[in-house]
Amino acid sequence: MIAEAPLVLDTNTVLALWYFNDPSLAPLAIAIAGGRVLLASREEALAELDDVLSRARFGLTPEARARFLADYRARLAFLPALAAAPAFELPECRDRDDQKFLEIARDAQASHLLTRDKLLLKLARQRALRGRFQIVTPERFVAEGGGR
C-alpha cells in the first residue's frame, strides 16, 4: 500500500540511506524502492545534496555524483514549488539552511520530516506543527513501522 502523504528527507537522511547504506534504515530504503513510500523535495534541497556530494571526503567523480542525484531524483514522486500562500506559519529553525525542509514538508503536506539534525528535532515539539507533520529520526520512523 502506498502511503497517502509523502515523506521529506533531509540531506543527511538521504546520505544515510543511499551513500552509507545504513543497515538500520534498510526497511525504509526497501519501502521507498518498492513504491510504498512517496518522497517530496525541492530543487534547493537537491542543490544542497549536490554540494555535499561534491566534497572531497565523499570521493565521488562528477559522473558518480550525477548518477547518485539522478537516482535520488527518480525516487521523488514530485518536486513541489514554493507555495504562493503558505497554509500555515512555520517555526523558524536556528539553522536557516534547514528551514527549507520544514517548508517542503508543509508545502507537500508531508506526514513526516525525517532527520537526525538536533535543531530540526527540537522543533518537533512546536505547537504550530501539531496535527500537520511530525519531525522524527529515520530510526524512530522505522521503529514505529513507517513504510510498511
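Here goes a summary of the coordinates provided. (Residues numbered from 1 in each chain as written. Predicted model: local features only at pLDDT ≥ 70, side-chain atom pairs only at ≥ 80, totals over all residues. Heavy atoms only, no water.)

## Brief notes about unusual backbone geometry
Here is step 1 of the chain: Residues other than glycine seldom take positive phi values, yet Asn21 does so here, at roughly 50 degrees.
Here is step 2 of the chain: Relative to the elements of secondary structure, Asn21 occurs in the loop between helix H1 (11–18) and helix H2 (26–33).
Here is step 3 of the chain: Using a relative accessible area of 53% as the deciding quantity, one classes Asn21 as exposed.
Here is step 4 of the chain: The phi angle at Gln109 is positive, at roughly 55 degrees, despite the residue not being glycine.
Here is step 5 of the chain: Judged by its relative accessible area of 62%, Gln109 falls in the exposed class. (Helix = DSSP H or I, 4+ residues; strand = E, 2+ residues; numbered from the N terminus. Buried < 20%, exposed > 50% of the residue type's maximum accessible area, 1.4 Å probe, protein only.)

## Side note on the packing of H1 against helix H4 (residues 62–75)
Here is step 1 of the chain: Where H1 contacts H4, the axes come no closer than 12 Å and their chain directions differ by 105 degrees. For the element pair H1 / H4, the angle class is roughly perpendicular. Of the residues in H4, those in contact with Val14, Leu15 and Trp18 of H1 are Phe68, Tyr72 and Arg75.
Here is step 2 of the chain: Across the contact of H1 with H4, the residue classes break down as five nonpolar, no polar and one charged. (Axes fitted to C-alpha atoms, helices over the stretch in contact; angles between N-to-C directions. Parallel < 35°, antiparallel > 145°, perpendicular 65-115°, else oblique. Contact = heavy atoms within 4.5 Å. Nonpolar A, V, L, I, M, F, W, Y, C, P; charged D, E, K, R; others polar.)

## Considering the environment of Leu28
Here is step 1 of the chain: Within the secondary structure, Leu28 sits in helix H2.
Here is step 2 of the chain: For the pair Leu28 and Gly145, spaced 117 residues apart in sequence, the C-alpha separation works out to 9.2 Å.

## Comments concerning the environment of Phe68
Here is step 1 of the chain: Along the chain, the position of Phe68 falls in helix H4.
Here is step 2 of the chain: Between the C-alpha atom of Phe68 and that of Leu49, which follows or precedes it by 19 residues, the distance is 9.8 Å.
Here is step 3 of the chain: Setting aside chain neighbours within four positions, we find Phe68 in contact with Val14, Leu15, Trp18, Tyr19, Leu49 and Leu53.

## Observations concerning the packing of aromatic side chains
Here is step 1 of the chain: Taken as a whole, this structure holds four aromatic pairs when the rule is applied.
Here is step 2 of the chain: Considering the side-chain rings of Trp18 and Tyr72, the 5.6 Å spacing of their centres and the 45 degrees angle between planes classify their relative orientation as tilted. Residue Trp18 is found in helix H1, and its partner Tyr72 is found in helix H4; the two are separated by 54 residues along the sequence. Of the two residues examined, Trp18 and Tyr72, each falls in the buried class.
Here is step 3 of the chain: Taken together, Tyr19, Phe20 and Phe58 form an aromatic cluster joined through their ring pairs. (Phe/Tyr/Trp six-rings, centres within 6.5 Å; stacked < 30°, edge-to-face > 60°.)

## Some words on H1
Residues spaced three or four apart along an α-helix face the same direction, because each turn holds 3.6 residues.
Here is step 1 of the chain: Burial analysis of H1 places seven of its eight residues in the buried class, which makes it a mostly covered element.
Here is step 2 of the chain: Listed as buried for H1 are Thr11, Thr13, Val14, Leu15, Ala16, Leu17 and Trp18.

## A closer look at the nonpolar core
Here is step 1 of the chain: Within the largest apolar cluster, 27 residues are counted, with the highest numbers of intra-cluster contacts made by Leu9, Trp18, Leu39 and Tyr72.
Here is step 2 of the chain: Looking at this core element by element, the count peaks at five residues for H1.
Here is step 3 of the chain: Not counting the four nearest positions on each side in its chain, Tyr72 is found in contact with Leu9, Val14, Trp18, Leu39, Ser41, Leu46 and Leu49. (Core = buried A, V, L, I, M, F, W, Y, C linked by side-chain atoms within 4.5 Å.)

## Some points on the environment of Leu114
Here is step 1 of the chain: Of note, Leu114 is situated in strand E4 (residues 112–114).
Here is step 2 of the chain: We classify Leu114 as buried; its relative accessible area is 0%.
Here is step 3 of the chain: A sequence separation of 107 residues divides Leu114 from Leu7, and the C-alpha atoms of the two residues are 7.3 Å apart.
Here is step 4 of the chain: Beyond its immediate chain neighbours, meaning those up to four positions away, Leu114 contacts Leu7, Val8, Leu9, Asp10, Thr13, Leu28, Val136, Thr137, Pro138 and Phe141.

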